[in-house]
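Structural description and commentary
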Amino acid sequence: MASETTLTDLPSITPEQCDDQLSDYIRHNDWEGVLLTLRIMQQLEFVQTEQTFLKCLQATSSSTNSTDNSLLVEVWNALKQTVEPTRMHVEYILDHCSSMSSRDDDDDVWSLLRQSSQTHNDAIQVLCRRGQWKWALREWKLFQQRESGHNASAIDSTQAETYRALWNVCIHAKDCPIETLLSLLQGAEAILTAADVLELLQMAAPQQSWRTVWTFWEFLRQHHAAKLTLDCYHAILFHRHVPLTTAQSLLRDLQRTQSPTIETYNRVMYLAQRERNVPLVLQLLQELQQKYNLAPNAVTYTHVVRACLQDRQWKRALVVFEVAQDKLGRLDVYLYTAAMEACVALKQSGRALQLLDEMKQQKIVPNSFTYRVAMQAAPHRALEFLHELKATSDDASIPLITYNAALQALAQTAKQQAKEPHVATTTTNTTNSANETTPVWQYAVNLLEEIKQQNLQPDGFTYNAVIMCCCHGPWELALQYIQEMQDSSQPPNRLVYTAAIASCGKHGQADHALHLLAQMKRNKIQPDLVAYNAVFTALRVAHRPEQAWQLWNELLEQGTAQPKTLMLTRTEEAGVPKRQYSSGKANLLPDIITITEVIGALAGADDSEDYQTQVDGILAYAVARKLLLNGFLDSSNEINLSGLTFSVARAACRYLLKHYEHVDNQELTLITGVGKQSNKTSLRDYLQAWLEQEFGLKSSIPRFAQGTLVISSESLLRRASRS
DNA sequence: GTAGGGTTAG
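Every chain begins its residue count from 1, and numbering advances along the sequence as written. Here chains are named by letter from A upward and ligands by number from 1 upward, in the order in which they appear as written. The model is predicted, so local features are restricted to residues of pLDDT at least 70 and side-chain atom pairs to those at 80 or more, both for listing and for counting; the totals for chains, interfaces and linings are taken over all residues. The basis for every side-chain value is the complete set of non-hydrogen atoms in the structure, without hydrogens or water.

Quick notes on the protein's contact with DNA strand B
Neighbouring residues of DNA strand B: 42 residues in total, closest Thr302, Asn404, Phe461, Arg540 and Glu597. Nearness is defined per residue: one heavy atom within 4 Å of the molecule or strand is enough. Of all DNA strand B atoms lying within 4 Å of any protein atom, the proportion belonging to sugar or phosphate reaches 37%. By the criterion applied in these results, polar contacts are pairs of N or O atoms within 3.5 Å in which, for protein atoms, one can donate a hydrogen and the other can accept it, and in which residues neighboring in sequence qualify only through two side-chain atoms. Separating a base nitrogen of DNA strand B from a side-chain N or O atom of serine 368 is a distance of 3.3 Å. Between a phosphate oxygen of DNA strand B and a side-chain N or O atom of lysine 415, the distance comes to 3.1 Å. Comment: elements are numbered from the N terminus, with helices defined as DSSP H or I runs of at least four residues and strands as E runs of at least two. The set of elements that each furnish at least two residues to the surface near DNA strand B consists of α18 (298-310), α22 (368-377), α24 (400-419), α26 (460-470), α28 (494-506), α30 (529-541) and α32 (592-602).

Have a look at this one:
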């Protein structure tokens with residue numbers, strides 16, 4: 001509309017006026033006016049500034065008429081005559097073409113950008129920054145094709161920069177296939193310097209899956225072997241998922257061209273200890289010293305000690321610890337903690353606590369790991385340790401696992417106290433020693449409160465420990481906590497249910513125990529043997545023989561599924577085998593505890609014939625499973641009864657006398673043990689009296705075998721003829 | 001370079 005007048009004014013126009021005019025046209029979306037003005041400016045050789053360029057582009061790209069690129073192309077071409085486009089201009093162009101990733105008809109714009117290497121490069125980098133790796137890659141390939149056509153000279157720094165940007169976006173893109181990454185590498189062999197290779201590895205390794213990183217590594221080994229420095233090896237060695245065997249071969253591989261450092265060895269040793277490969281860890285320890293004259297540091301020794309711990313070679317762990325002490329002088333908290341773990345495993349609590357003192361003296365601050373072990377060493381001091389930890393740790397927040405350890409320690413203390421009430425375990429309380437009458441469970445309840453106040457979410461471990469404390473306090477709390485968990489996002493698991501059952505059971509709350517058992521089944525949690533055993537305890541304490549018998553049969557029906565042979569996984573060396581609890585339906589085979597509890601529960605019943613048959617059946621089962629009376633099956637005349645409860649021993653004797661094939665002139669020896677506790681009747685004395693009373697059998701205690709009862713052949717014969 | 005739970009008992 002205003003175009004005509006502008007043309008007539010042409011001779012007298014100034015650059016400033018042109019610019020004003022331009023702004024005016026832009027404001028009114030008059031694109032013809034804009035182009036006309038630009039052309040006039042060219043004709044008059046007014047130098048357009050970068051600002052002009054930007055202003056026009058900005059206006060064009062935000063114009064509503066964005067379906068057509070021709071205007072943009074025109075503006076661009078008009079401007080480019082006098083101004084060199086910069087990255088920012090390219091960016092505006094790409095802004096305008098934001099839908100480019102889904103359309104091919106932006107090719108006219110792309111041909112603009114491809115006109116010079118400069119803008120082409122800029123465009124690729126912009127795409128990279130926007131995460132549009134597919135488009136960036138396409139342009140990069142075009143770019144390379146063109147460059148390789150006429151220019152074989154060295155790659156300039158802009159191109160290297162572009163390449164790295166591209167690489168960066170591709171390795172971070174979730175949907176970028178490894179083939180693409182490799183092809184990207186293939187095209188850039190000239191670009192990659194040793195520093196690049198390292199940078200790429202360090203960038204890729206933590207982000208990518210192990211498979212990807214490894215493929216990448218193999219490629220680099222093939223094409224860039226000379227560029228693989230020690231740091232490159234480290235980048236891949238420190239990948240989260242590097243397998244031990246690969247780490248080993250990487251170590252061997254790098255040894256051919258460079259010298260590993262202590263960090264190299266530490267990493268491989270770390271991986272080895274995780275797989276409890278003690279021999280390998282020790283071999284590496286030796287190798288790094290002898291072959292490379294490297295000095296093991298605290299980390300190195302920690303891995304060695306931990307390898308021993310993992311393999312349950314606790315004495316050896318302590319030996320290594322002492323070696324470390326010798327060689328290093330000053331140790332660190334990891335080493336001390338690991339050594340304390342070994343002491344606890346060896347039941348050398350005193351030594352563990354001694355180490356704790358020692359580290360404090362050395363001004364090595366114990367942390368939550370250390371105190372967790374300390375709590376195991378001295379459960380009755382758990383609260384004291386917790387207190388210490390709060391006082392010394394800088395962030396003042398205690399991890400849940402540490403609280404849980406304290407609660408576990410409290411549970412253990414409560415159990416201990418219940419067992420030996422006269423032995424005072426007073427030190428549970430640190431703040432006021434006057435308060436010795438506070439029951440342990442109360443501390444547990446308080447601690448649970450504290451956990452909640454700290455905004456920590458108590459977990460199964462927490463409740464399990466708290467409920468175990470309630471075994472020795474108000475059992476109602478167990479039910480309350482089960483309910484609490486059910487109402488929360490953390491429903492009770494098998495162990496929590498079991499603890500609750502045990503808690504009720506100890507108090508003779510058989511109905512609640514049975515109810516909990518039913519409840520866990522309802523909630524699709526398969527009770528395991530430990531849970532069943534806890535229910536049997538409840539039935540025994542509550543004197544419920546009928547229900548015990550019923551449950552026993554229920555258990556037998558389920559438990560016949562697959563007898564499981566427990567295998568010890570270690571074959572070599574002297575690692576102490578680990579005691580395993582197996583869970584699930586497959587392992588509902590009654591064990592000696594089941595037998596003890598069921599018989600204990602039935603023993604309360606009268607001596608009816610039913611009862612005799614029931615107990616006899618249980619005994620037959622137990623003997624067949626070799627849970628009891630080993631030796632009976634081998635027709636030995638020595639039978640071990642030691643360690644049995646009175647009722648089980650009684651049932652066993654009854655069974656024995658009924659089924660024992662008496663060989664002429666052979667006496668029968670019952671091994672009972674002497675019985676250590678002076679204040680209690682020993683099994684030996686109890687059985688001796690009972691045998692006489694029940695069967696009129698006289699037995700003697702040989703002078704040199706005080707832990708046995710011998711029934712003479714004559715007595716046995718006499719009894720046989722009587723019945 | 002670190003972490004974990006349970007049942008019986010004259």
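The structure having been displayed, the exposition proceeds.
What to know about the packing of helix α15 (residues 244-255) against helix α17 (residues 278-290)
Under this scheme, a helix contributes an axis fitted over its contacting stretch, all axes are lines through C-alpha atoms, and angles between N-to-C directions fall in the 0 to 180 degree range. Taken N-terminus to C-terminus, the directions of α15 and α17 make an angle of 15°; their axes are 13 Å apart at the nearest point. As far as their axial angle goes, α17 and α15 are roughly parallel. When you trace α15 past α17, the crossing you get is left-handed. Counting all contacts with α15, which are made through Leu244, Gln248, Leu251, Arg252 and Gln255, the residues of α17 involved are Leu280, Gln283, Leu284 and Glu287. Under the grouping applied here, Gly and all other residues not named as nonpolar or charged are polar, the nonpolar ones being Ala, Val, Leu, Ile, Met, Phe, Trp, Tyr, Cys and Pro and the charged ones Asp, Glu, Lys and Arg. A class-by-class count of the residues in the contact of α15 with α17 yields four nonpolar, three polar and two charged. Here roughly perpendicular refers to angles of 65 to 115 degrees, roughly parallel to angles under 35, roughly antiparallel to angles over 145, and oblique to all remaining angles. We call a crossing left-handed when the near helix sits turned anticlockwise from the far one by less than a right angle, and right-handed when that turn is clockwise. Throughout, a contact is declared for two residues whenever any of their heavy atoms are within 4.5 Å.

What to know about α30
Here α30 spans 18 Å end to end across 13 residues, near enough to the 18 Å set by a 1.5 Å rise per residue. A large share of α30 lies buried, amounting to ten of its 13 residues. For the exposure calls, accessible area comes from a 1.4 Å probe over protein chains only, and a residue counts as buried if that area is under 20% of its type's maximum, exposed if over 50%, partly exposed in between. The set of residues buried in α30 consists of Leu529, Ala531, Tyr532, Asn533, Ala534, Val535, Phe536, Thr537, Ala538 and Leu539. Taken from the residues just after α30, histidine 543 is the one with a positive phi, measuring 55°. To estimate how far a helix should reach, multiply one less than its number of residues by 1.5 Å.

Remarks on the nonpolar core
Formed by 231 residues in total, the largest nonpolar core has its most connected members in Tyr163, Trp167, Leu619, Leu629, Leu670 and Leu691. The element that contributes the greatest number of residues to this core is α24, accounting for nine residues. Ignoring anything within four residues of it in the chain, the contact list for leucine 629 reads Leu619, Val623, Ile639, Leu641, Ala652, Tyr655 and Leu656. By nonpolar core is meant a set of buried Ala, Val, Leu, Ile, Met, Phe, Trp, Tyr and Cys residues that side-chain atoms within 4.5 Å join together.

Quick look at the UniProt feature "repeat: PPR" (unreviewed entry) in chain A
When the UniProt feature table is mapped onto this chain numbering, "repeat: PPR" (unreviewed entry) sits at residues 332-366, 493-527 and 528-562. The straight-line gap between the two end C-alpha atoms of residues 332-366 is 9 Å; of that span, 74% is helix and 0% is strand. Counting secondary structure, residues 493-527 comes out at 74% helix and 0% strand; the distance between its end C-alpha atoms is 10 Å. UniProt positions are given in the numbering used here, feature names are shortened, and annotations may be inferred rather than shown by experiment.

Focus on the pairing of strand β4 (residues 708-711)
In β4, alternate side chains face the same way, and those of Thr708 and Val710 on one face and Leu709 and Ile711 on the other are all buried. Two strands pair under a simple rule: DSSP has to find at least two bridges between them. As judged from the four bridges shared by strand β2 (residues 668-671) and β4, these two strands associate in the antiparallel manner. Note on β4: the bridge partner recorded for threonine 669 is valine 710.

Concerning the pattern of salt bridges
For salt bridges, the criterion is a side-chain nitrogen of Lys or Arg within 4 Å of an Asp or Glu carboxyl oxygen. All chains considered together, the criterion is met by 23 salt bridges. The network of salt bridges with common partners includes Arg114, Arg138 and Glu139.

Things to note about the packing of aromatic side chains
Under the pairing criterion, centres of Phe, Tyr and Trp rings, with the six-membered ring standing for Trp, must be within 6.5 Å; the plane angle then separates stacked pairs below 30 degrees from edge-to-face pairs above 60, leaving the rest tilted. Throughout the structure, instances matching the rule amount to twelve aromatic pairs. Centroid distance tryptophan 217 to tyrosine 233: 4.9 Å. Interplanar angle 70°. Geometry classified as edge-to-face. Highlighted residues: tryptophan 217 in helix α13 (residues 210-223) and tyrosine 233 in helix α14 (residues 230-237), separated in sequence by 16 residues. Their ring planes at 65° and their centres at 5.6 Å tell us that phenylalanine 321 and tyrosine 336 sit as a pair that is edge-to-face. Of the two residues, phenylalanine 321 is situated in helix α19 (residues 314-328) and tyrosine 336 in helix α20 (residues 333-345); the sequence distance between them amounts to 15 residues.

Digging into the sheet that holds strand β1 (residues 638-640)
The strand order across the open sheet formed by four strands is β1-β2-β4-β3, and the pairing between neighbours is mixed. In this open sheet, the two strands that pair with only one neighbour each are β1 and β3 (699-700). Note: β3 against β4, two bridges, orientation antiparallel. Directly across from serine 700, in β4, lies its bridge partner valine 710. Strands β2, β3 and β4 of the sheet are contacted by helix α35 (residues 683-695), whose axis makes an angle of about 20° with β4.

Let's talk about the environment of tryptophan 76
By secondary structure assignment, the location of tryptophan 76 is in helix α5 (residues 70-80). A relative accessible area of 0% means that tryptophan 76 is categorised as buried. Once residues within four sequence positions are removed from consideration, tryptophan 76 is found in contact with Phe53, Leu57, Pro85, His89, Val90, Ile93, Leu112, Leu113, Gln115 and Thr119.

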